[in-house]
Structures are given as C-alpha cells and as structure tokens.
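# Observations on chain architecture
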Amino acid sequence: MKNALLILFIGFLGATINAQDTKAQIKFESEVIDYGEIAKGSDGVRQFKFSNTGDAPLVISRVYSSCGCTIPKKPEKPIAPGETGVIEVKYDTKRVGPIRKTITVYSNAEEATKAIKIKGTVLDKSVLEKN
C-alpha cells in the first residue's frame, strides 16, 4: 500500500512539474524601431510585431511608455502558441528633436518584462526642405 501511494505521489509530482514547464515566449521581429528623420506633424504610428514561440498562450498584461509623448497599445486577446501579434506605438511628432523612448512590455512570458525602444529625430519641415 505504501509503495502504491509513493508511486501515485511521484506521478502526480512529475505531472505538476511538466505542467509548469509550459511557458509563453515572446519574440519580437525587432526590439528597436528607427523612425529615422521625420517631419514635424508626420505619422508617428509604428508597430512592433512579435510571435509567441512558447507552449502556452501569451497574455500581455500591460505596456508602459517612459514618456507621455509615446502611447503604446497592447493586444487585448491572448496570443496562442505559434501565432503573431502587434504592439502599436504612437509618438507625438509635434515635438521637434531626438526620439529615444523605451516601452516596457509586461506579460506571462518566460521573460516577464521586456524593453522595446523607438528612436529617430523629428525635424521642422523647413529643415527637411533645405536638404
């Protein structure tokens, strides 16, 4: 009887450990988007494309920007294993100067916190016309 209980316990423990091994994994096509030189007032929307390369659904719980001039938008639904998703980022291009912003992605992925970045320069239209 003791042996049967021991075997059941070990089997249950093994199943529990295997269930915990399934994790979502987030893999971005690129972790940096370079706007390059863009005109003041131009379209500031860009997309970070990613895949769930793990074995469990990927749930992005929050995306946070380092500045109010950058507004990230996360997917609302879980991303199934093998599927792709998009995090949209809108930068306020009314601000002339360099762009160096970090967007932090919080999820249930193996790497629970991931930093992605945007960079570039917003130029006044008169500067662009001279070039």
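The rules behind the values
Residues numbered from 1 in each chain as written. Predicted model: local features only at pLDDT ≥ 70, side-chain atom pairs only at ≥ 80, totals over all residues. Heavy atoms only, no water. Core = buried A, V, L, I, M, F, W, Y, C linked by side-chain atoms within 4.5 Å. Buried < 20%, exposed > 50% of the residue type's maximum accessible area, 1.4 Å probe, protein only. Helix = DSSP H or I, 4+ residues; strand = E, 2+ residues; numbered from the N terminus. Contact = heavy atoms within 4.5 Å. Pairing = 2+ DSSP bridges. Axes fitted to C-alpha atoms, helices over the stretch in contact; angles between N-to-C directions.

Core analysis: the largest hydrophobic core is formed by 23 residues, its most contacted members being Ile87 and Ile118. Elements that contribute at least two residues to this core include exactly β1 (26-28), β2 (32-39), β3 (45-52), β4 (60-65), β6 (84-91), β7 (97-107) and β8 (113-123). Setting aside its immediate chain neighbours within four residues, isoleucine 118 contacts Ile33, Tyr35, Phe48, Thr70, Val89, Tyr91, Ile99, Arg100, Lys101 and Ile103.

Another point: the sheet that holds β4. Hydrogen bonding along the main chain pairs the strands of a sheet, whether they run parallel or antiparallel. Strand order in the open sheet made by the 4 strands is β2-β8-β7-β4, with mixed pairing throughout. Every other strand in the sheet has two partners, leaving β2 and β4 as the edge strands with one partner each. Ignoring strand direction, the axes of neighbouring strands in this sheet form an average angle of 20 degrees. Where β7 meets β8, 10 bridges bridge the pair, whose relative direction is antiparallel. The residue of β8 that forms the bridge with isoleucine 103 is isoleucine 116.

Relative to the assigned elements, threonine 70 resides in strand β5 (residues 70-73). Note on threonine 70: relative accessible area 3%, which makes it buried. Setting aside its immediate chain neighbours within four residues, threonine 70 contacts Ser65, Val89, Lys90, Tyr91, Lys101, Ile103 and Ile118.

To continue, consider the pairing of β5. Going residue by residue along β5, you find Thr70 and Pro72 tucked away on one face and Ile71 and Lys73 left uncovered on the opposite face. The sheet contact formed by β5 and β6 spans 4 bridges and is antiparallel. Bridged to lysine 73 within β6 is glutamate 88.

The values are spatial; any link to function lies outside them.
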